[in-house]
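# Overview (structure and organization)
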Amino acid sequence: MISAIDATLQPASQLVGLLKGLVSGIVLVSSPVWTSPAVAADVSQLPTGLQAKVDLAEQACAEFNDGQFDLDWGAVERVDLDGDLQPDWVLNESGFACSSAASLYCGTGGCVSHFLIEEEVHSLLNRGWTVVEFGRQRIVLADVHGTNCDGINPTPCATASVWDAEAKTWRSSAGDWE
């Protein structure tokens, strides 16, 4: 026999089950397009081109006063860079650390980020980047050193780049403002 308490809790438990299913479905459908940092354990599963960058950084650290290399949280990201709804790889040297050198990987111009699409690794010195959608394009916006804009370090400067899948390269343009 069902008690009065059980009868009143039954609709709430059904609602909770429905909400859990709805949230699971949203996460499952939307997860390929979310930007998410990979955990340190995932570094062993880096694609070959990015693993080579980590190996070089680790070697440079070891050669500088026997330093110990560390890869911080967020150094590896998975994000759709080209609009194909598949997460691509980004390796940010801002997440590299060496115990014997405070600025081995970054300087006043920023840090290098390595973007991997279709087995192609392209690197960009920057002070931060993001991906935005503009029409049919996924655009990588990056804050870059002022010398890229005929200035000096503090000169505000940004670049906007789109992936050309046919040529397997990034396309950017310096606008000629009037």
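That block above? That's the structure.
This is a predicted model, so every value here is computed, not measured.

Under the definition given, this model contains six aromatic pairs. With a centroid separation of 6.0 Å and an interplanar angle of 80°, the aromatic rings of Phe 69 and Tyr 105 are classed as edge-to-face. With Phe 69 in strand 2 (residues 69–71) and Tyr 105 in the loop between strand 5 (96–98) and strand 6 (106–107), this residue pair connects regions lying 36 residues apart in the sequence. Residue Phe 69 is classed as buried on the basis of its relative accessible area, which comes to 19%. Among the aromatic residues, ring-to-ring pairing joins Phe 115, Trp 129, Trp 163 and Trp 170 into one connected group.

Let us look at the side chain of Glu 93. Mapped onto the elements of the fold, Glu 93 is located in the loop between strand 4 (88–92) and strand 5. There is a polar contact of 2.7 Å between the side chain of Glu 93 and the side chain of His 114. When residues no more than four places from it in sequence are discounted, the contact partners of Glu 93 are Tyr 105, Cys 106, Cys 111, Val 112 and His 114.

Moving on: the environment of Ala 75. Assignment of secondary structure puts Ala 75 in the loop between strand 2 and strand 3 (76–79). Once you skip the residues sitting within four places of it in the chain, Ala 75 turns out to touch Val 90, Leu 91, Asn 92 and Gly 95.

A few words on the state of the cysteines. On inspection of all chains with the given rule, the structure shows three disulfides. Here Cys 61 connects covalently by a disulfide to Cys 98, the sulfurs 2.1 Å from one another. On the sign convention where negative is left-handed, the bridge of Cys 61 and Cys 98, at about 90° about the S-S bond, is right-handed. Here Cys 61 is found in helix 2 (residues 48–63), whereas its partner Cys 98 is found in strand 5, with 37 residues between them in sequence. A disulfide bridge connects Cys 149 with Cys 157, and the sulfur atoms are separated by 1.9 Å. Its torsion about the S-S bond being 70°, the disulfide of Cys 149 and Cys 157 is classed as right-handed. The connectivity of the disulfides in the protein chain is 1-2, 3-4, 5-6, where the numbers refer to bonded cysteines in sequence order.

In this structure, the largest pocket encloses a volume near 360 Å³. Around the largest pocket, the lining comprises 14 residues; the ones closest to its centre are Asn 148, Cys 149, Ala 158, Ser 173 and Ala 174. For the lining of the largest pocket, the leading source of residues is strand 11 (residues 158–164), giving three residues. Partitioning the lining of the largest pocket into residue classes produces eight nonpolar, five polar and one charged.

A few words on the sheet that holds strand 12 (residues 169–172). Spatially, the four strands line up as an open sheet ordered 9-10-11-12, and their pairing is antiparallel. Both outer strands of the open sheet, strand 9 (129–134) and strand 12, are each paired with one neighbouring strand and no more. Mean inter-strand twist for the sheet, computed between neighbouring axes without regard to direction, equals 35°. Both strand 9 and strand 10 (residues 137–143) contribute to a ladder of six bridges, which runs antiparallel.

Residues Leu 46, Phe 69, Leu 71, Val 76, Phe 96 and Tyr 105 are the most contacted members of the largest nonpolar core, which totals 17 residues. Broken down by secondary-structure element, the contributors of at least two residues to this core are helix 2, strand 2, strand 4 and strand 5. The element best represented in this core is helix 2, accounting for four residues. Not counting the four nearest positions on each side in its chain, Leu 71 is found in contact with Val 43, Val 76, Gly 95 and Phe 96. Leu 81, Val 131, Cys 157 and Trp 170 belong to the second largest nonpolar core, which has 13 residues in total.

Criteria and thresholds
Residues numbered from 1 in each chain as written. Predicted model: local features only at pLDDT ≥ 70, side-chain atom pairs only at ≥ 80, totals over all residues. Heavy atoms only, no water. Phe/Tyr/Trp six-rings, centres within 6.5 Å; stacked < 30°, edge-to-face > 60°. Helix = DSSP H or I, 4+ residues; strand = E, 2+ residues; numbered from the N terminus. Buried < 20%, exposed > 50% of the residue type's maximum accessible area, 1.4 Å probe, protein only. Polar contact = N/O pair within 3.5 Å; in protein donor to acceptor, adjacent residues only side chain to side chain. Contact = heavy atoms within 4.5 Å. Disulfide = S-S within 2.5 Å. 1 Å grid on protein atoms, 1.4 Å probe; cavity = no way out; pocket = protein on both sides within 12 Å on 5 of 7 lines; lining within 4 Å. Points joined across faces, edges and corners; volume = space filled by probe spheres on them. Nonpolar A, V, L, I, M, F, W, Y, C, P; charged D, E, K, R; others polar. Pairing = 2+ DSSP bridges. Axes fitted to C-alpha atoms, helices over the stretch in contact; angles between N-to-C directions. Core = buried A, V, L, I, M, F, W, Y, C linked by side-chain atoms within 4.5 Å.

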